[in-house]
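The primary structure of each chain is shown beneath.
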Amino acid sequence: MRGTGAGRAGDPHNLPAEPAHDDLPAIRSDDLTHDGLRERFARHAPWQPEIVNDRAWGDVSDPQAAAVLVPIVRSDAGSQILLTTRPDHLRSHSGQIAFPGGRADQADTDRVSTALREAHEEVGLPETHIEVIGQLPEYVTGSGFAVTAVVGLIDREP
């Protein structure tokens, strides 16, 4: 599912959702378990995202490195993805629904360490609770960031 429309004009909690890519086959529920996701990422299937940068906003010639964590949490209700709402007082991306993450620091050794550090800073998720199973291709945003999504499994609600 994906939101239809976004931005500062509306409350993201009230946005309607619509099915995405109706022409694709349904994903088997076994593939969405932690074991199924581990297996899928272990195969290292090459793929290219449909859009690799968001240049519609303008020229992004020197994007800043960033990473987000896609935390998939096992709970009694099944697998759930943890999202945050960015505070309204922030200078950029305020009020957006987002994965925990942000700009790389000099102390970060790679994008995985950036994602894990940011998840701890933003939502208090300790690195010891996260099993990193893979990364998605880098995406360059129109706001000047080269973002790597790091996928991590969390065995219980922290």
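Residues numbered from 1 in each chain as written. Predicted model: local features only at pLDDT ≥ 70, side-chain atom pairs only at ≥ 80, totals over all residues. Heavy atoms only, no water.

## Structural notes on the pattern of salt bridges
And step 1. Within the structure shown, the criterion is met by 9 salt bridges.
And step 2. Two residues, aspartate 155 and arginine 74, come together in a salt bridge whose shortest N-O distance is 2.7 Å. On the criterion of sequence distance, the pair formed by aspartate 155 in the segment after β10 (145-154) and arginine 74 in strand β3 (residues 64-75) is long-range, its members being 81 residues apart.
And step 3. A residue is classified by how much of its surface remains accessible, and aspartate 155, at 46% relative accessible area, is partly exposed.
And step 4. What makes arginine 74 partly exposed here is its relative accessible area of 38%. (Salt bridge = Lys/Arg side-chain N within 4 Å of Asp/Glu carboxyl O. Helix = DSSP H or I, 4+ residues; strand = E, 2+ residues; numbered from the N terminus. Buried < 20%, exposed > 50% of the residue type's maximum accessible area, 1.4 Å probe, protein only.)

## Things to note about a nonpolar patch on the surface
And step 1. Nonpolar side chains collect at one region of the surface, where Ile81, Leu83, Ile97 and Phe99 lie side by side and expose about 330 Å² of accessible area between them.
And step 2. Relative to the helices and strands, phenylalanine 99 resides in the loop between β6 (97-98) and β7 (101-103). (Patch = residues over 30% accessible without salt bridge, like charges linked within 9 Å, V, L, I, M, F, W, Y side chains within 5 Å. Areas by Shrake-Rupley, 256 points an atom, 1.4 Å probe, with all protein chains shown as cover.)

## A short note on the pairing of strand β4 (residues 78-81)
And step 1. Where β3 lies against β4, 4 bridges are found, and the strand directions are antiparallel. Bridged to valine 73 within β4 is glutamine 80. (Pairing = 2+ DSSP bridges.)

## Digging into helix α1 (residues 34-42)
And step 1. For α1, every residue scored as buried is listed here: His34, Gly36 and Leu37. One face of α1 carries all of its buried residues, which in axial projection span an arc of 160 degrees. The exposed residues of α1 that point more than 90 degrees off its buried face are Asp35, Glu39 and Ala42.
And step 2. If you follow the buried residues of α1, they end up packed against β3, β4, β8 (131-135) and β10.
And step 3. Backbone geometry just downstream of α1 places histidine 44 in the positive-phi region, at approximately 50 degrees. (Arc of directions from axis to C-beta. Contact = heavy atoms within 4.5 Å.)

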